[in-house]
Amino acid sequence: ELKVEQNPLFLSMQEGKNYTIYCNYSTTSDRLYWYRQDPGKSLESLFVLLSNGAVKQEGRLMASLDTKARLSTLHITAAVHDLSATYFCAVGLGTDKLIFGTGTRLQVFP
Amino acid sequence: KAGVTQTPRYLIKTRGQQVTLSCSPISGHRSVSWYQQTPGQGLQFLFEYFSETQRNKGNFPGRFSGRQFSNSRSEMNVSTLELGDSALYLCASSFSSETQYFGPGTRLLVL
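Residues numbered from 1 in each chain as written. Chains lettered and ligands numbered in written order. Predicted model: local features only at pLDDT ≥ 70, side-chain atom pairs only at ≥ 80, totals over all residues. Heavy atoms only, no water.

Asker: Lay out a nonpolar patch on the surface with the relevant residues and their values.
Answerer: All names here are of chain B. A cluster of nonpolar side chains, contributed by Ile 12, Leu 109 and Leu 111, occupies part of the molecular surface with about 300 Å² of accessible area. Tracing the chain through its elements places Leu 111 in the segment after strand 11 (106–110). You can call Leu 111 exposed: its relative accessible area is 52%. (Patch = residues over 30% accessible without salt bridge, like charges linked within 9 Å, V, L, I, M, F, W, Y side chains within 5 Å. Areas by Shrake-Rupley, 256 points an atom, 1.4 Å probe, with all protein chains shown as cover. Salt bridge = Lys/Arg side-chain N within 4 Å of Asp/Glu carboxyl O. Helix = DSSP H or I, 4+ residues; strand = E, 2+ residues; numbered from the N terminus. Buried < 20%, exposed > 50% of the residue type's maximum accessible area, 1.4 Å probe, protein only.)

This is the structure:
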């Protein structure tokens, strides 16, 4: 059974600092997704990573994928309060089945 | 382009009742997937439909069922509701097996 593990589960960080969220998964997949969820809201797509070595950046967020290590990272640069949310990674299986990680709740404080 | 829409947004039911949730995908998207989100179990895959056919199914009891219509709209049904079915039910649509776009969700409370 595919397992997707994220760490840390909770991250409290100061504005302006950098940090990385890790996503490990237990089986081969060619698709890795990152989503953001604000409290009481739905999921917003951040990145889709489709190949080994893929790196994508949007603003202060950068995601990478290492399929050999079965590891994806979401790096936060110079955090700002607006980045406070829960971040999920998800592994794609087959067609459109996603297996989600546990989520990382990020809180950015002044 | 309109996003994924789900109705109703909120629902309160009692144990033993059944419920039907609806999802309209983004225009042109033929794949619709359903997920359940709870504080305890997180986000779990329910099922996926493409061109009116179920392509994948998650590990949920038979009380959970779904279907897709010719216009790609999808419904999911939960019969004999249990307290543990209280959750946020999310629908997602995609054009190819790349980005899945999620709707706002239906929040179901079972009393």
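After that view of the structure, there is still more to cover.
Asker: Can you tell me about the state of the cysteines, naming the residues and giving the values?
Answerer: Summed over the entire model, instances satisfying the criterion amount to two disulfides over all chains. The disulfide bridge from A:Cys23 ends at A:Cys89, spanning 2.0 Å between sulfur atoms. Around the S-S axis, the bridge from A:Cys23 to A:Cys89 shows a dihedral of about 80° and counts as right-handed. On the criterion of sequence distance, the pair formed by A:Cys23 in strand 3 (residues 19–25) and A:Cys89 in strand 9 (residues 85–93) is long-range, its members being 66 residues apart. Judged by relative accessible area, which is 0%, A:Cys89 ranks as buried. The side chain of B:Cys23 participates in a disulfide bridge whose partner is B:Cys91; the two sulfur atoms lie 1.7 Å from each other. One quick way to see it: the torsion about the S-S bond of B:Cys23 and B:Cys91 is about -50°, and its sign makes the bridge left-handed. (Disulfide = S-S within 2.5 Å.)

Asker: Report on unusual backbone geometry, specifying residues and quantitative values.
Answerer: A cis amide bond links A:Asn7 with the next residue in sequence, A:Pro8, at an omega value of 0°. Residue placement: A:Pro8 occurs in the loop between strand 1 (4–7) and strand 2 (10–14). Along the chain, B:Thr7 connects to B:Pro8 via a cis peptide bond; the corresponding omega equals -10°. Counting through the fold element by element, B:Pro8 comes out in the loop between strand 1 (5–7) and strand 2 (10–13). For A:Arg70, which is not glycine, the phi torsion reads 55° and is therefore positive. Phi at B:Glu52 is positive, roughly 70°, even though this residue is not glycine. Tracing the backbone shows B:Glu52 in the loop between strand 5 (42–50) and strand 6 (53–57).

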